[in-house]
Amino acid sequence: MDGRGYTWFGEVLYRILRSRGSSQSALAREARKRGHDYRQNSISNWMRGVHAAPRGLPALLDDLYDLTEEEWVELAVAFAYGQRASREDLEDVREFRRFYRRMLEEEGEEVRGSLKGEERKD
């Protein structure tokens, strides 16, 4: 994440802004033109996870930047799950869940196997 201190949501928003040649300040200006009271420092705080982004932000971003389907999905997931955590943190959680699931499945197979063996002995 290049030391910007952004959350996963912040990184997604950063990439969208960069790909459109835009910035936090430009987003704030465009939002104010549409009646939102967004300031550059508010946007920065949303991107760093200091404050939650407003619910209407994804729709505004789609309206302003005509998001691709892929961008929309990535933004939606990051908005829902990544406003506090970095992408790396979420990847670590996913990997832990995969590891733990495999471990539990293996233990379950061992327990089922030993139970079947006990049934045969009786």
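So, how was this worked out
- Residues numbered from 1 in each chain as written.
- Predicted model: local features only at pLDDT ≥ 70, side-chain atom pairs only at ≥ 80, totals over all residues.
- Heavy atoms only, no water.
- Helix = DSSP H or I, 4+ residues; strand = E, 2+ residues; numbered from the N terminus.
- Contact = heavy atoms within 4.5 Å.
- Polar contact = N/O pair within 3.5 Å; in protein donor to acceptor, adjacent residues only side chain to side chain.
- Axes fitted to C-alpha atoms, helices over the stretch in contact; angles between N-to-C directions.
- Parallel < 35°, antiparallel > 145°, perpendicular 65-115°, else oblique.
- Left-handed = near helix turned anticlockwise from the far one by under 90°.
- Nonpolar A, V, L, I, M, F, W, Y, C, P; charged D, E, K, R; others polar.

**A word on the environment of Ala59**
Moving on, step 1. The residue Ala59 is located in helix 4 (residues 57-65) in this model.
Moving on, step 2. The spatial distance from the C-alpha of Ala59 to the C-alpha of Trp72 is 9.2 Å, given a sequence separation of 13 residues.

**So, the environment of Arg34**
Moving on, step 1. Relative to the helices and strands, Arg34 is located in the loop between helix 2 (24-33) and helix 3 (40-48).
Moving on, step 2. In this view, Arg34 contacts Leu60, Asp63 and Leu64; residues no more than four positions away in its chain are not counted.
Moving on, step 3. Among the polar contacts made by the side chain of Arg34, one reaches the side chain of Glu30 at a distance of 3.2 Å.

**As for the packing of helix 2 against helix 3**
Moving on, step 1. Packing of helix 2 against helix 3 brings their axes to within 8 Å, and their N-to-C directions diverge by 120°. On the basis of their axis angle, the class for helix 2 and helix 3 is oblique. Our pair here, helix 2 against helix 3, has a crossing hand that is right-handed. Facing helix 2, whose interface residues are Gln24, Ser25, Leu27 and Ala28, helix 3 presents Gln40, Ile43, Ser44 and Met47.
Moving on, step 2. When the residues that make up the contact of helix 2 with helix 3 are grouped by side-chain class, the tally is 4 nonpolar, 4 polar and no charged.

Interpretation note: all reported values are geometric properties and have no functional meaning in isolation.
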